[in-house]
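# Coordinate inspection notes
Here is what each chain is made of, one letter per residue.
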Amino acid sequence: MYEQISHSLLNDILVELKKKTKPQNLQFFHTRLGANFYAIYSLFNTLYGEHPDSKKHILHLVETLMRQYIRRPSHLKKIDLEREKDHNWFLNQKWVGMALYCNGYADNLKDMLSRLNYLQELGVNLVHIMPICDCPEGKSDGGYAVRDFCKIDSRFGTFEDFDKLVTNLKKRDMLLTLDVVVNHTSDQHEWAKKAREGDKAYQDYYFIFDDRSIPDIYEESMPEVFPETAPGNFTWDEAMGKWVMTVFNRYQWDLNYRNPAVFIEMLDIILFWANRGADILRLDAVAFMWKKMGSSCQNEREAHLILQLMKDCCQVTAPGVLFIAEAIVAPTEIIKYFGEDAINAKECEIAYNATFMALLWDAVATKKAILLNKGIQNIPSKLERATWLNYVRCHDDIGWGFSDDDIVTAGYEPQSHRRFLVDYFTGNYEGSLATGLAFGRNSQTGDARISGSLASLAGLERALKNNDPDAINMAIKIILLLHGMILSFGGIPMLYYGDAIGTLNDDSYLNDESKNDDSRWIHRPKMNWEKAMQRTQPGTVEYSIFNAVKKMISIRKEIPAFADRNNRELLNVDNPHLFVFLRFDQINSSSRVLVIGNFNDEPQFLDLSPLQRMGFFQYDSIKNLCNGESLHAMNGNLMIPARSFYWLQG
Ligand code: GLC
């Protein structure tokens, strides 16, 4: 948009920058900057207009964008241009991801090279390598307490190893996702050290207070993220003699985005990793980026403005790079991280579908899809050019983040229902074979989240221990059912390393002092490659899971109706155990797939007559796309086996 004040400011800035830069071809940079500058200027002004050095900072901001553009390797600039032309590329059903630790899945970044074949064998073509930046020895929240954002932790390797890996991934047409921990730094970060030494400019990078008067006001309205291990939101720093805001762990200092210098530093880091070859950046803990006294300090409007500004800026320098919002918040809040009032995502193109994840686990525990149906119905529609990251498990705990209202309409009482879920997944409920651990138990509310590997939560660990073939079979079915849902729902499915071979809980973290107070480590094991070899041995658990998931992935890729183009319709069916939705191809309307998940441990029946009235299943036989088998309805009813799913061609 052309707007005179911002336009003339931009001209002044470019004249300034021209004096400092060698002449070169900045054509694409200029066209993008021209297109986005009004938005950048307006957002910057809203956030930082009152700052005394606002003008100086906006010059620095544009300088940062230009410097990083000049540094951007030409092959990445080429990809930017291709993705600009095919701007919905990431909505395609061909993408299937896996999240992993480079030192858990493999030994390190170098060793990752020898482990890429496994991913390709399974059909994974997007890899999220969990944090690799330099962290202090000992406690580092799994890499989320960064000491140096532009250095690779020596335990994982070097930039040389990293570059080789990136080149190899590109050759295999695999995408790379990396984390940028935007909300906080380690207390050992250079900025924190300078702050501790008394440098006022760096103290202003954080929330630092002489006494408890302001922290106490904040505490009145701020919830606790890790109530057991890190109660409260402030930590006394002995060396500095001051209180620091530490929403997560005591050693993670929250960044102060009221300071424009912090915004520009973090933007520079985002562009640094974009230029290193990341296709997608996972922005960690984005809901927490703006702190305001009297509020929960989550999901504040300004956090969204910051993300919009980051997006508008990144589009100028590295437009091919996407953002994932890691905002594990209420369903009505998550959706806002795509950007409101837009068709194209104006913040993050991808967001964790934490609601769907938690609802799936609810359906596993209740053996019914009542809350799942309600919860999905009530997720507001998302933008067209935005997509979900659908997952069953990740490196974090499972929180019961669905809404109380939905729990009530599903016929349960919120508090006791949440308690039931905790009991169920910790194996303290009759009939439950799950072996999870409670995480972050809040002694005041009794709430808890759940740690544990997918297989152990699905009951496989106990079934194996009991040597019970039926229970083993049922656990495998649950694992496949959950994958069948995330692979067909619409969005990018993100598998978790180890899940395709039924990895169980690993309690070796208890022997490590830096980990033993955080039960999330029970599901962050070292990949057992000997166990993975069993995937080639028919009759083993590993074989059954791996080959079924592999097949689903390859079939998913062939079904255009599984691309995410807001082409899903949830169907209301009479049977409370079933979750049924329709996926359709917007281009070829005759290509439709009906997805049915049966969460009960008894076979269930679906009355097909309403579907037949919609033009479905006009013939006697119905094709299950997962195995090519023909299914037959009996008296108009289709039987879906226990804990199973179908992808049916209409
Ligand atoms: C994110 C990460 C989580 C971490 C937290 C604090 O939620 O996924 O593992 O503990 O941020 O950095």
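This section reports on the structure supplied with the text. Just so it is clear, the structure is predicted and the values come from calculations on it, not from any experiment.

## Here's the deal with the overall build of the protein chain
- Of regular secondary structure, the protein chain possesses 23 helices and 25 strands.
- For 650 residues, the compact-globule estimate of 2.2 N^0.38 gives 26 Å, and the C-alpha radius of gyration of the protein chain, at 25 Å, lies within 12% of that figure.
- Seen through its principal axes, the protein chain has C-alpha atoms that stretch 80 × 55 × 50 Å.
- Across the 650 residues in the protein chain, those meeting the buried criterion constitute 59%.
- Carbon and sulfur atoms form 48% of the exposed surface of the protein chain, whose accessible area is close to 25,900 Å².
- Taking the average location of the 71 positive side-chain charges in the protein chain and that of its 84 negative ones, the two points are 6 Å from each other.

## Points about a nonpolar patch on the surface
- A contiguous nonpolar patch, built from Phe605, Met634 and Met639 and spanning about 300 Å² of accessible area, is present on the exposed surface.
- When you line up the elements, Met639 lands in strand β24 (residues 637–640).

## Quick notes on the side chain of Arg72
- Turning to its location among the elements, Arg72 is positioned in the loop between α3 (54–71) and α4 (74–85).
- For Arg72, the side chain forms a polar contact with the side chain of Asn275, separated by 3.0 Å.
- Contacts of Arg72, omitting those with residues within four sequence positions, involve Lys77, Asp80, Ala274, Asn275, Thr317, Ala318 and Val321.

## Notes on the sheet that holds strand β8 (residues 234–237)
- The three strands are arranged β7-β9-β8 in an open sheet whose pairing can be described as antiparallel. Edge strands, defined here as strands with exactly one partner in the open sheet, are β7 (208–209) and β8.
- In the sheet, β8 pairs with strand β9 (residues 242–245) via four bridges, with the strands oriented antiparallel. The partner of Trp236 across the bridge, within β9, is Trp243.

## Structural notes on the site of the ligand
- Near the ligand you find Asp141, Tyr144, His184, Phe226, Phe248, Gln252, Arg282, Asp284, Glu326, His395, Asp396 and Arg520, and these make up its full shell.
- The separation between an oxygen atom of the ligand and a polar side-chain atom of Asp141 is 2.7 Å.
- In the environment of the ligand, an oxygen atom lies 2.8 Å from a nitrogen or oxygen atom belonging to the side chain of His395.
- Within the complex, the protein chains bury 95% of what would otherwise be the 310 Å² of accessible surface of the ligand.
- For the shell around the ligand, a count of residues per class yields three nonpolar, three polar and six charged.

## Side note on the pattern of salt bridges
- One pass over the structure, following the stated rule, counts 39 salt bridges.
- As a salt-bridge pair, Asp518 and Arg520 come within 2.8 Å of each other at their nearest N and O atoms.
- Salt bridges sharing common partners tie together Asp141, Asp396, Asp518, Arg520 and Arg524.

## Here we look at the sheet that holds strand β18 (residues 568–571)
- Spatial strand order, β18-β19-β20-β25-β22-β23: six strands in an open sheet with antiparallel pairing. Where the open sheet ends on each side, the last strands, each with one partner, are β18 and β23 (630–632). Each neighbouring strand pair of the sheet contributes to a mean axis angle of 35°, computed without reference to strand direction.
- In this structure, strand β19 (residues 578–584) lies alongside strand β20 (residues 592–598), joined through seven bridges in antiparallel fashion. Within β20, the residue paired with Leu578 across the bridge is Asn598.

## Examining helix α22 (residues 541–558)
- With 18 residues, α22 should reach 26 Å at 1.5 Å per residue; the first-to-last C-alpha distance of 26 Å fits that figure.
- Restricting attention to buried positions, one finds in α22 the residues Val541, Glu542, Ile545, Phe546, Val549, Met552, Ile553, Ile555 and Arg556.
- If you follow the buried residues of α22, they end up packed against α6 (116–122), α19 (460–465), α20 (469–486), β17 (492–496), α21 (529–533) and β25 (645–649).

## Some points on the pairing of β18
- In this structure, β18 lies alongside β19, joined through four bridges in antiparallel fashion. Among the inter-strand pairings, Leu570 is bridged to a residue of β19, identified as Phe581.
- Hairpin geometry of β18 and β19 is characterised by an intervening segment of six residues between the two adjacent antiparallel strands.

## Side note on the nonpolar core
- One finds Tyr118, Tyr257, Met310, Trp361, Phe425, Phe599 and Trp647 to be the most contacted residues of the largest nonpolar core, which totals 218 residues.
- At 12 residues, helix α11 (residues 260–275) tops the list of elements feeding residues into this core.
- Leave out the neighbours within four places in its chain, and Tyr257 touches Tyr48, Val182, Val262, Phe263, Met266, Met289, Trp290, Ile306 and Met310.
- Of all hydrophobic cores here, the second largest spans 17 residues; its members include Leu582, Ile596, Ile640 and Leu648.

## Remarks on unusual backbone geometry
- Of note, Asp141 is a non-glycine position whose phi angle comes to about 50°, a positive value.
- Asp141 sits in the buried class, given a relative accessible area of 10%.
- Here Asn566, not a glycine, exhibits a phi torsion of approximately 50°, which is positive.
- Along the chain, the position of Asn566 falls in the loop between α22 and β18.
- Assessed through its relative accessible area of 34%, Asn566 is described here as partly exposed.

## Quick word on the packing of aromatic side chains
- Taken as a whole, this structure holds 44 aromatic pairs when the rule is applied.
- Judged by centre distance (6.0 Å) and plane angle (65°), the rings of Phe226 and Phe248 are edge-to-face. With Phe226 in the loop between α10 (213–221) and β8 and Phe248 in the loop between β9 and β10 (252–254), the pair connects residues that are 22 residues apart, well separated along the chain.
- With relative accessibility at 10%, the residue Phe248 sits in the buried group.
- An aromatic cluster is present here, built from Trp361, Trp400, Phe402, Phe420, Tyr424, Phe425 and Tyr429 joined pairwise through their rings.
- Stacked on the ring of Trp529, the Lys or Arg Arg115 has its end atom at 4.0 Å from the ring centre.
- In this arrangement the basic side chain of Lys515 is found over the ring face of Trp521, its NZ or CZ atom lying 4.4 Å from the centre.

## Here we look at helix α14 (residues 354–366)
- Under the 1.5 Å per step criterion, the end-to-end length of α14 is 18 Å for 13 residues, consistent within 8% with the ideal 18 Å.
- The element α14 is largely enclosed, with a buried count of 13 among its 13 residues.
- Count one or two residues on from α14 and you reach Lys367, which has phi positive near 65°.

## What about the packing of helix α1 (residues 4–20) against α3?
- Packing of α1 against α3 leaves a shortest axis separation of 10 Å and a crossing angle of 60°. Taken together, the axis directions place α1 and α3 in an arrangement best described as oblique. Two packed elements cross with a definite hand, and for α1 against α3 that hand is right-handed. In this structure, α1 contributes Leu9, Ile13, Leu14, Glu16, Leu17 and Lys20 to the contact, and α3 contributes Lys55, Ile58, Leu59, Val62, Glu63 and Met66.
- Its residues assigned to classes, the contact of α1 with α3 comprises eight nonpolar, no polar and four charged.

Basis of the calculations
- Residues numbered from 1 in each chain as written.
- Predicted model: local features only at pLDDT ≥ 70, side-chain atom pairs only at ≥ 80, totals over all residues.
- Heavy atoms only, no water.
- Helix = DSSP H or I, 4+ residues; strand = E, 2+ residues; numbered from the N terminus.
- Rg over C-alpha atoms; globule rule 2.2 N^0.38 Å.
- Buried < 20%, exposed > 50% of the residue type's maximum accessible area, 1.4 Å probe, protein only.
- Areas by Shrake-Rupley, 256 points an atom, 1.4 Å probe, with all protein chains shown as cover.
- Lys, Arg positive; Asp, Glu negative; His and termini not counted.
- Charge placed at Lys NZ, Arg CZ, Asp CG, Glu CD.
- Patch = residues over 30% accessible without salt bridge, like charges linked within 9 Å, V, L, I, M, F, W, Y side chains within 5 Å.
- Salt bridge = Lys/Arg side-chain N within 4 Å of Asp/Glu carboxyl O.
- Polar contact = N/O pair within 3.5 Å; in protein donor to acceptor, adjacent residues only side chain to side chain.
- Contact = heavy atoms within 4.5 Å.
- Pairing = 2+ DSSP bridges.
- Near = heavy atom within 4 Å.
- Nonpolar A, V, L, I, M, F, W, Y, C, P; charged D, E, K, R; others polar.
- Axes fitted to C-alpha atoms, helices over the stretch in contact; angles between N-to-C directions.
- Expected span 1.5 Å × (residues − 1).
- Core = buried A, V, L, I, M, F, W, Y, C linked by side-chain atoms within 4.5 Å.
- Phe/Tyr/Trp six-rings, centres within 6.5 Å; stacked < 30°, edge-to-face > 60°.
- Lys NZ or Arg CZ within 6 Å of the ring centre and 35° of its normal.
- Parallel < 35°, antiparallel > 145°, perpendicular 65-115°, else oblique.
- Left-handed = near helix turned anticlockwise from the far one by under 90°.

Read these as spatial facts, not as claims about activity.
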